[in-house]
Amino acid sequence: HTRAGGREPGAELFSEVGVNVTTHGHASFQGPHLVRNNGAAKKAWSAGVRVDGGSQAYFGEGAAGLPARVMNNEGSGILLDLGSVLEAPSVVIEGNSKEAVRVYRRSTAYLGERAYLWQNARGALRCDGTSLVVTNQVPKTLACPAVEKVMEPRPTSPEPLPVQ
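Please read these numbers as outputs of a predicted model, since none were measured by experiment. (Residues numbered from 1 in each chain as written. Predicted model: local features only at pLDDT ≥ 70, side-chain atom pairs only at ≥ 80, totals over all residues. Heavy atoms only, no water.)

Attention shifts here to the overall build of the protein chain. The secondary structure content of the protein chain amounts to zero helices and 15 strands. Scored against the burial criterion, the 164 residues of the protein chain give a buried share of 46%. Sequence separation of at least 24 residues holds for 60% of the intrachain contacts in the protein chain that already meet a minimum separation of 6. (Helix = DSSP H or I, 4+ residues; strand = E, 2+ residues; numbered from the N terminus. Buried < 20%, exposed > 50% of the residue type's maximum accessible area, 1.4 Å probe, protein only. Contact = heavy atoms within 4.5 Å.)

Okay, here's the thing in structure tokens:
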């Protein structure tokens with residue numbers, strides 16, 4: 001949905017979740033998408049973007065080289081739950097009332113070198129013991145038992161296996 005009079009596609013002013021990706025769904029946010037001012041204070045699943053039920057979300061730069069932004073939401077910026085995947089080589093997540101990214105129940109989040117998690121009320125990341133975060137940065141406010149640090153940016157496509 002595009003904001004009235006705005007030039008950026010995005011989601012704004014929804015009562016519980018700005019963008020809800022569920023039941024094996026897929027969403028791609030590539031450049032200047034804006035997800036802001038969504039959510040309700042007393043809802044545990046309230047977030048700017050909620051990804052659950054084995055779904056996937058991708059955040060990267062668009063043609064203009066600008067990342068998507070997830071900001072000023074009531075709840076987490078991005079909430080992953082029930083075996084979902086976040087791939088975010090480039091995104092700005094800031095000013096949310098809880099953590100930037102919450103990763104629960106066997107979900108996985110990849111945060112690239114251009115994933116900026118700024119000034120979220122409860123820090124950058126929160127995870128349970130069943131989830132994994134893969135990143136080449138370690139945020140100062142980290143509440144995740146399983147973090148795998150990568151030293152180099154991920155390749156855009158896997159290398160082919162040698163033929164034997």
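Alright, that's what it looks like, and here's the rest.
Within this structure, the stated rule accounts for six salt bridges. Linking Glu-16 and Lys-43 is a salt bridge whose minimum nitrogen-to-oxygen distance equals 3.9 Å. With Glu-16 in the loop between strand 1 (10–12) and strand 2 (17–21) and Lys-43 in the loop between strand 4 (34–36) and strand 5 (47–52), this pair connects stretches of sequence that are 27 residues apart. Since its relative accessible area comes to 30%, Glu-16 is described here as partly exposed. In this structure Lys-43 comes out as partly exposed when scored by relative accessible area, which is 31%. Across the salt bridge formed by Arg-126 and Glu-99, the nearest N and O atoms sit 3.1 Å from each other. (Salt bridge = Lys/Arg side-chain N within 4 Å of Asp/Glu carboxyl O.)

Look at Leu-82: it is not a glycine, yet its phi comes out positive at around 55°. Even without being glycine, Gln-119 reaches a positive phi, approximately 50°. For Gln-119, the location among the structural elements is in the loop between strand 11 (108–118) and strand 12 (125–127).

Applying the stated criterion across every chain, the model contains two aromatic pairs. Note on Phe-29 and Phe-59: the rings are 4.4 Å apart at their centroids and 5° apart in plane angle, and the pair reads as stacked. Placement of the pair is Phe-29 in strand 3 (residues 26–30) and Phe-59 in strand 6 (residues 56–60), with a sequence separation of 30 residues. Note on accessibility: Phe-29 and Phe-59 belong to one class, buried. (Phe/Tyr/Trp six-rings, centres within 6.5 Å; stacked < 30°, edge-to-face > 60°.)

Every regular strand shows the same layout, with side chains that alternate between the two sheet faces. Bridge analysis of strand 3 against strand 6 gives five bridges, and the strand direction is parallel. When the sheet's bridge partners are listed, Ser-28 is paired in strand 6 with Tyr-58. Pairing analysis gives three bridges linking strand 6 to strand 9 (residues 85–94), with the strands arranged parallel. Opposite Tyr-58, over in strand 9, you have Glu-87 as the bridge partner. (Pairing = 2+ DSSP bridges.)

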